[in-house]
Amino acid sequence: MRHGDKVNNLGRKKAHRVALLRNLATELIVHKRIVTTLAKAKALRGFIEPLITKTKKNGSEAEIMHQHRIVFSALNSKIAVKELFTVVAPKIASRPGGYTRIIKLGTRPGDAAETAMIELVDFNEVYGKTVARAAEPAKRTRRAGSSKKKAEETAAAETAPEVKAEEAASTEEKAAE
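So, how was this worked out
- Residues numbered from 1 in each chain as written.
- Predicted model: local features only at pLDDT ≥ 70, side-chain atom pairs only at ≥ 80, totals over all residues.
- Heavy atoms only, no water.
- Axes fitted to C-alpha atoms, helices over the stretch in contact; angles between N-to-C directions.
- Helix = DSSP H or I, 4+ residues; strand = E, 2+ residues; numbered from the N terminus.
- Parallel < 35°, antiparallel > 145°, perpendicular 65-115°, else oblique.
- Left-handed = near helix turned anticlockwise from the far one by under 90°.
- Contact = heavy atoms within 4.5 Å.
- Nonpolar A, V, L, I, M, F, W, Y, C, P; charged D, E, K, R; others polar.
- Expected span 1.5 Å × (residues − 1).
- Buried < 20%, exposed > 50% of the residue type's maximum accessible area, 1.4 Å probe, protein only.

1. Side note on the packing of helix α3 (residues 61–75) against helix α4 (residues 78–92)
- At a minimum axis distance of 9 Å, the contact between α3 and α4 shows a crossing angle of 135°. Compared by their axis directions, α3 and α4 come out oblique. In terms of crossing hand, the pair formed by α3 and α4 is right-handed. Of α4, the residues touching α3 (which contributes Gln67, His68, Val71, Phe72 and Leu75) are Lys78, Ala80, Val81, Leu84 and Phe85.
- For the contact of α3 with α4, a count of residues per class yields seven nonpolar, two polar and one charged.

Given below as structure tokens:
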């Protein structure tokens with residue numbers, strides 16, 4: 001029985017499973033989005049999110065190089081490590097977590113396996129536009145606007161009698177002529 005065992009073995013021995021996750025993680029970093037089975041996507045999320053978190057640590061040069069070495073030991077790909085630290089890290093610097101998104105795509109026709117697309121959240125242009133709008137300052141509520149509106153109306157009402165008096169005086173002058 002596998003009581004308390006939270007690791008999805010994906011039907012593979014440890015060495016094969018680690019190699020699979022390394023390859024999937026490398027392709028996800030390079031391409032920013034991949035399509036795979038749902039089980040592999042969920043396993044990949046648990047593998048890659050801690051690695052992405054390691055790219056956010058900025059301190060001394062020695063500490064940064066240490067993080068490079070740790071990520072390289074997990075990925076074994078210089079290209080992926082360079083892409084992760086130079087392209088991905090600046091975009092996710094302000095994000096507190098949740099760097100990946102899994103979208104279910106349905107079943108594969110050949111073997112009816114559930115497929116899913118896993119992508120890096122900050123590299124999706126479709127959803128990224130709404131995030132940029134959300135970063136703008138929030139609009140004021142209706143209550144805050146109504147008090148402002150009332151203040152403008154009272155200011156206009158105070159100046160209105162003066163304007164009416166001026167108009168009346170000008171019409172009297174025209175009538176007298």
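Having seen the structure, we can now continue with the description.
2. Notes on helix α1 (residues 14–31)
- A rise of 1.5 Å per residue sets the reference length of α1, with its 18 residues, at 26 Å; its end C-alpha atoms lie 26 Å apart and thus fit the reference within 8%.
- Restricting attention to buried positions, one finds in α1 the residues Arg17, Leu20, Leu21, Leu24, Ala25, Thr26, Leu28 and Ile29.
- Looking one or two residues beyond α1, the residue adopting positive phi is Lys32, at roughly 70°.

3. Quick notes on unusual backbone geometry
- Although it is not a glycine, Leu10 adopts a positive phi angle of roughly 55°.
- Within the fold, Leu10 resides in the segment before α1.
- Phi is positive for Lys32, which is not a glycine, with a value near 70°.
- Here Lys32 shows up in the loop between α1 and β1 (33–37).
- For Lys32, a relative accessible area of 14% corresponds to the buried category.

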